[in-house]
Amino acid sequence: MSVTIPFYFYLPDKFDASHGFSGKTNAWACSFFVHVGLYGTAIAYTVTSAISMRAIQKSNCYHREGHEAACEYSDTYYMLIFGAVQLILSQAPDFHNIQSLSVIAAVMSFAYSFIGFGLGVAKVIGNGFVMGSFSGVSTTTSIEKMWLVAQALGDIAFAYPYSLILIEIQDTLKSPPPANQTMKKASTMSIITTTIFYLFCGGFGYAAFGDNTPGNLLTGFGFYEPYWLIDLANAFIVIHLVGGYQVYSQPIFAHFEKWICEKFPENGFLNNEFFLKPPLMPAFRWNPLRLCFRTVYVVSVTAIAMSFPYFNQVLGVIGGVIFWPLTIYFPVEMYFKQMNIEAWTRKWVMLRVFSYVCFIVSTFGLVGSIQGIISAKLS
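Residues numbered from 1 in each chain as written. Predicted model: local features only at pLDDT ≥ 70, side-chain atom pairs only at ≥ 80, totals over all residues. Heavy atoms only, no water.

What counts here: UniProt positions are given in the numbering used here, feature names are shortened, and annotations may be inferred rather than shown by experiment.
In the annotation of an unreviewed UniProt entry, the protein is listed under the name Amino acid transporter transmembrane domain-containing protein and assigned to Citrus sinensis. Checking UniProt for the protein, the heading Subcellular location (unreviewed entry) contains the comment "Membrane".

### Describing the overall build of the protein
Let me state the cut-off plainly: Runs of E in the DSSP output that reach at least two residues are strands. Runs of H or I that reach at least four are helices, and both are numbered from the N terminus. Accessible area is worked out with a 1.4 Å probe on protein chains only. A residue is then buried under 20% of its type maximum, exposed over 50%, and partly exposed in between. Only the protein chains shown count as cover for residues, and all accessible areas are computed by the Shrake-Rupley method using a 1.4 Å probe.
Within the protein, the secondary structure is distributed over 12 helices and 2 strands. In the protein, the succession of α and β elements from N to C terminus is α-α-α-α-α-α-α-α-α-β-β-α-α-α. Here the protein, with 379 residues, has 44% of them falling under the buried criterion. Carbon and sulfur atoms form 69% of the exposed surface of the protein, whose accessible area is close to 20,100 Å².

### Looking at the packing of helix 8 (residues 227-263) against helix 10 (residues 288-307)
As a reminder, the rule being used: Axis definition: a line fitted to C-alpha atoms, over the contacting stretch in the case of helices. Angles run 0 to 180 degrees between N-to-C directions. Orientation is classified from the angle alone, with under 35 degrees giving roughly parallel, over 145 giving roughly antiparallel, 65 to 115 giving roughly perpendicular, and any other angle giving oblique. When the near helix sits turned anticlockwise from the far one by under a right angle, the crossing is termed left-handed; a clockwise turn instead gives a right-handed crossing. In this analysis, two residues are considered to be in contact whenever any of their non-hydrogen atoms come within 4.5 Å of each other. Classes in brief: Ala, Val, Leu, Ile, Met, Phe, Trp, Tyr, Cys and Pro nonpolar; Asp, Glu, Lys and Arg charged; the others, Gly included, polar.
Helix 10 packs onto helix 8 with a crossing angle of 135° between their chain directions and a minimal axis gap of 11 Å. Classed by the angle they form, the pair helix 8 and helix 10 counts as oblique. Note that helix 8 runs across helix 10; the crossing there is right-handed. For the pair formed by helix 8 and helix 10, the contact residues are Tyr 245, Ser 249, Gln 250, Ile 252, Phe 253, Phe 256, Glu 257, Ile 260 and Cys 261 on the first element and Leu 289, Arg 290, Phe 293, Arg 294, Tyr 297, Val 298 and Val 301 on the second. When its residues are assigned to classes, the contact of helix 8 with helix 10 shows 11 nonpolar, 2 polar and 3 charged.

### Quick word on the nonpolar core
Put simply, the rule is: As used in this record, nonpolar core signifies buried Ala, Val, Leu, Ile, Met, Phe, Trp, Tyr and Cys residues forming a set joined through side-chain atoms within 4.5 Å.
Within the largest apolar cluster, 63 residues are counted, with the highest numbers of intra-cluster contacts made by Ile 115, Leu 119, Leu 218, Tyr 245, Leu 289, Tyr 297 and Leu 326. Mapped onto this core, the elements with two or more residues apiece are helix 2 (24-65), helix 3 (76-90), helix 4 (100-127), helix 7 (179-209), helix 8, helix 10, helix 11 (311-339) and helix 12 (346-378). Per-element accounting of this core gives the leading share, 15 residues, to helix 8. In this structure, Leu 289 is in contact with Phe 256, Glu 257, Ile 260, Cys 261, Phe 269, Leu 270 and Arg 294, ignoring residues within four places of it in sequence.

### Quick look at the UniProt feature "transmembrane region" (unreviewed entry) in the protein
Per the UniProt record, "transmembrane region" (unreviewed entry) is found at residues 26-48, 103-126, 146-167, 188-207, 227-248, 291-308, 314-332 and 353-374. Secondary structure content for residues 291-308 is 94% helix and 0% strand, and the end C-alpha separation is 26 Å. Between the first and last C-alpha atoms of residues 353-374 the distance is 32 Å; the span itself is 100% helix and 0% strand.

### What about helix 12?
Applicable threshold: Between the first and last residue of a helix there are one fewer steps than residues, each counted as 1.5 Å, and that sum is the expected span.
In this model helix 12 runs 48 Å from its N-terminal to its C-terminal C-alpha over 33 residues, within 8% of the 48 Å that 1.5 Å per residue would give. Taken together, the buried positions of helix 12 are Trp 348, Arg 352, Ser 355, Cys 358, Ser 362, Gly 365, Leu 366, Gly 368, Ser 369, Gly 372, Ile 373 and Ala 376. For helix 12, the elements touching its buried residues are helix 5 (142-158) and helix 11.

### Brief notes about the environment of Pro 309
When you line up the elements, Pro 309 lands in the loop between helix 10 and helix 11. Taking the relative accessible area as the measure of exposure, Pro 309 reaches 24% and is therefore partly exposed. Pro 309 sits 234 residues away from Asp 75 along the chain, and the two C-alpha atoms are 7.5 Å apart. In contact with Pro 309, other than residues within four places in its own chain, are Val 47, Asp 75 and Met 79.

### A closer look at the state of the cysteines
Linking two cysteines covalently through their sulfur atoms gives a disulfide. For clarity, the threshold we go by: Throughout, disulfides are identified as pairs of cysteine sulfur atoms within 2.5 Å of each other.
All chains considered together, the criterion is met by 1 disulfide. With its sulfur 1.9 Å from that of its partner, Cys 61 forms a disulfide with Cys 71. Negative torsions about the S-S bond denote left-handed disulfides, and the value of about -70° found for Cys 61 with Cys 71 makes this one left-handed. Of this pair, Cys 61 sits in helix 2 while Cys 71 is found in the loop between helix 2 and helix 3, placing the two residues 10 residues apart along the sequence. Residue classification places Cys 61 among the buried positions, given a relative accessible area of 5%. Take Cys 71: its relative accessible area is 0%, and that puts it in the buried class.

### Quick look at the packing of helix 3 against helix 10
Remark: helix 3 packs on helix 10, axes separated minimally by 9 Å, with the N-to-C direction vectors making an angle of 160°. With respect to helix 10, the axis of helix 3 lies roughly antiparallel. The crossing of helix 3 and helix 10 is right-handed. Contacts between helix 3 and helix 10 involve Thr 76, Met 79, Leu 80, Gly 83, Gln 86, Leu 87 and Ser 90 from the first element and Arg 294, Thr 295, Val 298, Thr 302, Ala 305 and Met 306 from the second. Counted by class, the contact of helix 3 with helix 10 contains 6 nonpolar, 6 polar and 1 charged residues.

Here you go:
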C-alpha cells in the first residue's frame, strides 16, 4: 500500500474498497468500525455461548428437581471454558481456511432456529390463544417503554452483521460469474431467509409468552420440556458460536500479524515458525507473535464478557455502534462515487434522507442499550 497507516486502521479489503471511492479519511474510519465490530462480535458470542451452556445445566436441573427448583448457576465458569477453547483454536495458523466451518455454522443455525420456531408454535397451539398485544410488552412508565424499544432496535441492528466480513467472503469467490453478482444474489437470499426466521421466531415467541417473553427463547426458560430438545438446541448454538468466533476473529489476527511482520521483517520473534511434536499428537507449527497476540486477544474478550454478561444489552450496543457506518453510510457513499450520483438529484436526496434516518435510529438503539447495561450493572 502506498500509505503507511497504524494497525487499528489496517484492514486491507475494507481499506482498499473504501479508499478507492471515499478517500483516505473515510477508509480509516471504515476500517476502525470494522475492527470494533469484529471484536465486539467476539464478546457477544462469548456471552451468548456461556448463557447457552448454563441453560443446558439449568434444563437438566429443572427436569430432575421440578420447574420450581432453585436452579441458578453463574455464567463465569462457562465463559472461562469457552475462552479456553478459543485460546486453543486461535493458535491454528490456517484455521480461517477451513471451508467446512461455514457449512457447520449454517447447519447449526438452521437447526436451533427451527427448534425455537417449532417450540413457539407448539406453545401457541397448546395455549389455545395468542398472548401479548399490538402495543408490545407492558411497562409502568413511558420512559421504560422507550428504553425497551431502543434496546430492541439495537438488537435488530446486530442481527445483520454480515457487512463486517462481506468483502472478505467476496474475495474467496471464483469467477465467472463475476464475484459481485454472486455476492449480490447470496446477500439477497441470506437477508430474506434470516429475516423470515427472525420474524417467525420472534413473533411466535411473543405470541406464546406475551409480556413474559424471555430475551432468548431457548435460554430464558419459557420452555421446560422436552428438556432434551432444549439441550440440543443450546448445544447447536454453542457449536455455531465456537466456529463463528473464529470467523469474526481471524481477520483481526491475520491483518495485525501481517502488518507487524511487514513493519519488522527482520525480527525473528515475529516471523519465525517453530514445530512442536507433543507425545501421541501430530506436530504443529507455532509462532511467538501468534501465541502472544492471540492469547491477549482472547483473554481480553473473555474478561470484558465476564464484566458485562448481559445478552440483549450487549448485542444492542454492538449493533448500535456498527450498523449505521458499515451497513448504511459507507456503502451509500461508495455508491455515490461509483455511480457518479449528482448532488440534489432525486436519488441523492432519497439516499441521504435514508442514511440520516438510519443514523438517528442507530443512535437511539445505542443509547438505549447502554442505558440497559448500566441499569443491569447497578441492579
